[in-house]
Amino acid sequence: MVSAVFHSPAERARPVSNLASERKAAVPAAVTLASVKAPGYDWRGLWLRVIPPVLGLALLIGIWALVSLTSKGSIPSPAQTWLQAVDVFSDPFYRNGPNDQGVGWNVLMSLQRVALGFGLAALLGIPAGFLIGRFDFLGRMFNPLISLLRPVSPLAWLPIGLLVFKGANPAAIWTIFICSVWPMVINTAVGVQRVPADYMNVARVLNLSEWKILTKILFPAVLPYMLSGVRLAVGTAWLVIVAAEMLTGGVGIGFWVWDEWNNLNVKNIIVAIFVIGIVGLILEYALIKLAGLFTFEEVKS
Amino acid sequence: MNKFIEIQGVEQTFRTSKGLFPALRDINLTIAKGEFVALIGHSGCGKSTLLNLIAGLTTPTAGVLLCANREIAGPGPDRAVVFQNHSLLPWLTCYENVYLAVERVFGAGGKRIGAAAEKRTQLKTRTEAALELVGLTHAAHKRPGEISGGMKQRVGIARALSMEPQVLLMDEPFGALDALTRAKLQDELLEIVARTKSTVVMVTHDVDEAVLLSDKIVMMTNGPAATIGEVLQVDLPRPRSRVQLAQDPQYINDRMVVIDFLYKRQSHVEKVA
């Protein structure tokens, strides 16, 4: 659009009739500018966004096929595994007995345990994180304990869970709890400590009650940190449940992996690997979306 | 009242990892009700420290600060602060930011003696009036992330004024803004202060701002262990117009006094701490 046309003094000196004809000539030019064709298909965008991940996947499958060929059949090929996957997913929700269920039920069982263990960890960990971050004395009290217990592999906690709870299900939930609680406590505590001093000064000048400080200042400011703690916890929890289920048996995707190994059904193990990976991806993605809703420009910085 | 704020023999020393750091010494100052006082000095001269002491955000290591004949024991809505970084809560809209202050002072949890808690409609009216005072009614439902720096600072001022404080404390409120916005906000502040007749203490290091806005300029010596170097009464008649004052001989003279103090007698020497 021709919005600012700067006429030089020489142009202004030209006779009027010339200017009029000039304007007539300018108008068609403006019209053709406006009717410029829309750009063609965004090939470059496609190239950058879609092709590389697809190539990555193709590379994985290629290496897999190669390994399968050289292993002389002990590792199934991608084609065989695909057929098996179709078979497994054709009826994901069957029940033949307590230890023989469709893959859908197994995944749901595992997710249920993760949800329970994780929910308990959040219920305990987040308020604990708030207290540790807000009160220096409690921080000094609990930080050494956290540093001591955090590096312990969750699987080392499993026997204690079995001993105390005397059951595979509660023991697995306990293991999830003990591995998810640390990121949530630590991240929440750090978040509370990182609340800008200015906001706390505002709270002091306004003389806000402790409850108002918690709901109007601390909680919204700490939310992004809390959510990143949650993301870390969920990733670890999903990892741990598979291992815990392998050890305890019963039902679940981890148990299924171990069961299929005992039956030397390698194709199903590979299918399980993909299922575990895809579910983990979905969980992570959902949490990223959730975190995005609650981050504000100024809190991010 | 002539001695609305009294600062008597105040000293402030901070404990640091390298030992004791004397920020202020021997500060004696009185501020009358309705007076506009500017605190001016080089960086590191303790202006913000002094403001924080008046606000009650810190307590002095020696001396006493009185407001309306009562010792300043802690921060409170009576001594409202406008911070250098607006300090608006980014997850609340501008309206909600101001409402937070209004609700605290005039609502159910308020500590106003002899006044009943006001109802929500009254609080709503107060909030809207404060936003109108700074000309931001149209931005009431926007979040701080969606408005400009000048607008954010105005909301900060609205929040402070909505509490009807006895003293308005401003810590370089226009320091983070560009020159044009700064000039506009200075003019707005002059109007607002004339209307509300507030007592104002403002920290600045802009000489023109100090002379244009204030009744009294407190010039501080260089830190550490800074003290009040000189106090200048600015008797220019109100209402003040920036354009007219530019050629006023008294304005120019007052300006000269401050510049002389800051740049000749107290020229900032870079010291190794």
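Residues numbered from 1 in each chain as written. Chains lettered and ligands numbered in written order. Predicted model: local features only at pLDDT ≥ 70, side-chain atom pairs only at ≥ 80, totals over all residues.

Visitor: Looking at this structure, I do not really get the sheet that holds strand β2 (residues 19-31) of chain B. What am I missing?
Guide: Hydrogen bonds along the backbone pair up the strands of a sheet, which may run parallel or antiparallel. Reading across from one edge, β2-β1-β4-β5 (chain B) is the order of the four strands in this open sheet, with antiparallel pairing throughout. Each edge of the sheet is formed by a strand with only one pairing partner; in this case those strands are β2 and β5 (70-71) of chain B. (Pairing = 2+ DSSP bridges. Helix = DSSP H or I, 4+ residues; strand = E, 2+ residues; numbered from the N terminus.)

Visitor: Would you take a moment to explain helix α9 (residues 168-193) of chain A for this structure?
Guide: An α-helical segment advances 3.6 residues per turn. Residues three or four places apart therefore align on the same side. Residue and element names in this part refer to chain A. In a regular helix each residue adds 1.5 Å, so 26 residues correspond to 38 Å; α9 covers 39 Å between its end C-alpha atoms and thus fits that length. The principal kink in α9, of about 30°, is found at S180, preceding the proline P183 by one to four residues. Among the 26 residues of α9, 22 are classified as buried, and the element is accordingly described as predominantly covered. (Expected span 1.5 Å × (residues − 1). Bend = angle between axes of the 7 residues up to and from the residue. Buried ≥ 20, exposed ≤ 12 C-beta atoms within 10 Å, placed from the backbone.)

Visitor: Can you walk me through the confidence of the model for chain A in this structure?
Guide: In regions of low pLDDT, the predicted coordinates are not meant to be interpreted in detail. Residues of chain A with pLDDT of at least 70 account for 84%, and the chain-wide mean is 81. Within chain A, helix α7 (residues 136-149) of chain A carries the highest mean pLDDT (92), whereas helix α14 (residues 297-300) of chain A carries the lowest (44). (pLDDT = per-residue confidence, 0-100.)

Visitor: So what exactly am I meant to see when it comes to the packing of helix α12 (residues 253-262) of chain A against helix α13 (residues 266-294) of chain A here?
Guide: Pairs of packed helices are described in terms of their axes, by the angle between the two and the distance that separates them. Residues and elements named next belong to chain A. At a minimum axis distance of 9 Å, the contact between α12 and α13 shows a crossing angle of 160°. Classified by the angle their axes make, α12 and α13 are roughly antiparallel. With respect to the hand of their crossing, α12 and α13 are arranged in left-handed fashion. Where α12 approaches α13, its residues I253, W256, V257, E260 and W261 are matched on the opposing element by N268, I269, A272, V275 and I276. (Axes fitted to C-alpha atoms, helices over the stretch in contact; angles between N-to-C directions. Parallel < 35°, antiparallel > 145°, perpendicular 65-115°, else oblique. Left-handed = near helix turned anticlockwise from the far one by under 90°. Contact = placed C-beta atoms within 7 Å.)

Visitor: Before we go on, may I ask you to explain the domain arrangement of chain A in this structure?
Guide: Bring the parts together and some accessible area is lost; that lost area is often taken as the interface size. Each assigned domain of chain A is listed with its residue range as follows: domain 1 (1-36), domain 2 (43-75) and domain 3 (95-300). Taking only C-alpha atoms into account, the centre of domain 2 of chain A sits 32 Å from that of domain 3 of chain A. (Domains from an automatic or database assignment.)

Visitor: I would appreciate a short explanation of the nonpolar core in the present structure.
Guide: As a rule of thumb, nonpolar side chains are buried together in soluble globular proteins. Grouped together as the largest cluster of nonpolar side chains are 133 residues, with contacts concentrated most on I176 and A237 of chain A together with L39, I54, V98, L169 and V201 of chain B. Setting aside residues no more than four positions away along its own chain, L39 of chain B makes contact with K47, L50, L51, V201, M202, V203, V218 and M220 of chain B. (Core = buried A, V, L, I, M, F, W, Y, C linked by C-beta atoms within 7 Å.)

Visitor: Help me understand the interface of chain B and chain A in this model?
Guide: Opposite the 19 residues of chain B that make contact, chain A presents 17 residues. Contributions of two or more residues to the side of chain B that touches chain A are made by β6 (79-82) and α2 (94-106) of chain B. Per-element tally for the side of chain B that touches chain A: the top contributor is α2 of chain B, with three residues. Residues belonging to the side of chain B that touches chain A are distributed by class as follows: 13 nonpolar, five polar and one charged. (Nonpolar A, V, L, I, M, F, W, Y, C, P; charged D, E, K, R; others polar.)

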